[in-house]
Amino acid sequence: MNNRVLLSEDINPEGKKLFEGKAEVIIAPDTSKATALRLVKEVNGIILRATTIVDDEVMANAPNLKVIARTGVGVDNVDIEAATKRGILVCNFPGMNNLTVAEHTVAMIMALSKQIVHMHESVTSGNWSERFSPFQTEVEGKTLGIIGMGQIGQMVAHKCMTGLGMNILAYDPYFTGEKEGSGIVFTNSIEDIFKQADFVTVHVPNNPNTKGMINASLLKMMKESAYFVNTSRGSIIDEFALIEMLKNKKIRGAALDVFTKEPLPADNMLHSLKNVILSPHCAGSTWESNVRIAKGAAQAVLAVLSGKLPDQIYIYNKQVLSQLGL
């Protein structure tokens, strides 16, 4: 057993079981680049979570590295160009946590509308009179504005429309699915979403076209009674502008799972705002999704280390295949 696989962070035990008798597993004690540089020297594969950065310098320190498996969809923390030049396969796992993210989004919508976190704090602090708060709202009949109608956006739309009785207003200039008869109103203007929606939720990939797409101008179009939800990526929104809107109560609240800088710095003003619900980039993480992704990542790494290829749907930099003569 000569193969070594580095886990940048621990993964679900069901994934680790697959390496038994096939590869030595090394679990990094922390997610720093210095630790990655030290541990990659003799590894053949890396299973990477969201925090550790694997750039060209890290890859240069890993002469035997053949495959990087990213436990999720986003590959922001991998230098794809460097990996491709070095003939290193990069795998990601689209779709495996779509349901998980969609459910988390719906949970955030409900938590905002029912003021769940605030009401919990009211009980624990002895402020029972908050039961008469005027800020709890019903979601039935309210308009949910969805930016990005990929699989997650569609799941959110279906759950909120059929399960909660919400009206769906969607914006996605790249959507090619069926619109007629869906019950969803599509708009060609992202401004319509911010002007009309009672809740705005974003489900777009992180790329140069989406970075900063939710700017101060759009946020200022929102109703004062509206809520903003982001389980996508922190980079797509002007975080400072959102903080200003929340601080000055120009919108009623927000629920955020992702941030411009992660982990969220202790001095970020979001910590001090009472009209936000925060979660630690965990929208795609449940026991079930972690099992799916851990096993998928392990299987992809083992396939490469045994001289085979993982399912091509999971190979992110397919251009490397021609370099490898495959």
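Just above, that's the structure.
Predicted model, so just to flag it, every value in this text is computed and none were measured.

Asker: Outline the sheet that holds strand β1 (residues 4-7), supporting the account with residue identities and numerical values.
Answerer: One open sheet accounts for five strands, arranged β2-β1-β3-β4-β5; its pairing is parallel. The sheet terminates laterally at β2 (24-27) and β5 (89-91), the two strands that pair on one side only. Averaged over all pairs of adjacent strands, the angle between their axes in this sheet comes to 20 degrees, without regard to strand direction. Inspection of the sheet shows strand β3 (residues 45-48) paired to strand β4 (residues 67-70) by four bridges, in the parallel sense. Counted as the bridge partner of Gly45 is Val67 from β4.

Asker: An account of the pattern of salt bridges is needed here, citing residue identities and associated values.
Answerer: Going through the model one piece at a time under the given rule, you end up with 11 salt bridges. As a salt-bridge pair, Asp55 and Lys33 come within 2.6 Å of each other at their nearest N and O atoms. With Asp55 in the loop between β3 and α3 (56-60) and Lys33 in helix α2 (residues 33-39), this residue pair connects regions lying 22 residues apart in the sequence. Residues Glu57 and Lys33 are paired through a salt bridge, measuring 2.7 Å at the closest nitrogen-oxygen approach. Of this pair, Glu57 sits in helix α3 while Lys33 sits in helix α2, placing them 24 residues apart in sequence. Owing to a relative accessible area of 46%, Glu57 belongs among the partly exposed residues under this scheme. Beyond isolated ion pairs, a larger network of salt bridges with shared partners links Arg4, Glu24 and Glu42.

Asker: Go over the packing of aromatic side chains, please, and point to the residues and values.
Answerer: According to the stated counting rule, one finds three aromatic pairs in the structure shown. Ring geometry for Phe93 versus Tyr314: centroids 5.2 Å apart, planes at 40 degrees, classification tilted. Of this pair, Phe93 sits in the loop between β5 and α5 (98-114) while Tyr314 sits in the loop between α11 (287-305) and α12 (320-323); the two residues are 221 residues apart in sequence, bridging distant segments of the chain. The buried category is assigned to Phe93, whose relative accessible area is 0%. For the pair Phe199 and Tyr227, a centre-to-centre distance of 5.2 Å together with 20 degrees between the ring planes defines the contact as stacked. Residue Phe199 is found in strand β9 (residues 199-202), and its partner Tyr227 is found in strand β10 (residues 227-230); the two are separated by 28 residues along the sequence. Owing to a relative accessible area of 1%, Phe199 belongs among the buried residues under this scheme. Here the guanidinium or amino end of Lys179 rests over the ring plane of Phe186, the centre of that ring lying 4.9 Å away.

How each quantity is defined
- Residues numbered from 1 in each chain as written.
- Predicted model: local features only at pLDDT ≥ 70, side-chain atom pairs only at ≥ 80, totals over all residues.
- Heavy atoms only, no water.
- Pairing = 2+ DSSP bridges.
- Helix = DSSP H or I, 4+ residues; strand = E, 2+ residues; numbered from the N terminus.
- Axes fitted to C-alpha atoms, helices over the stretch in contact; angles between N-to-C directions.
- Salt bridge = Lys/Arg side-chain N within 4 Å of Asp/Glu carboxyl O.
- Buried < 20%, exposed > 50% of the residue type's maximum accessible area, 1.4 Å probe, protein only.
- Phe/Tyr/Trp six-rings, centres within 6.5 Å; stacked < 30°, edge-to-face > 60°.
- Lys NZ or Arg CZ within 6 Å of the ring centre and 35° of its normal.

Don't take any of this as a statement about function, it's just geometry.
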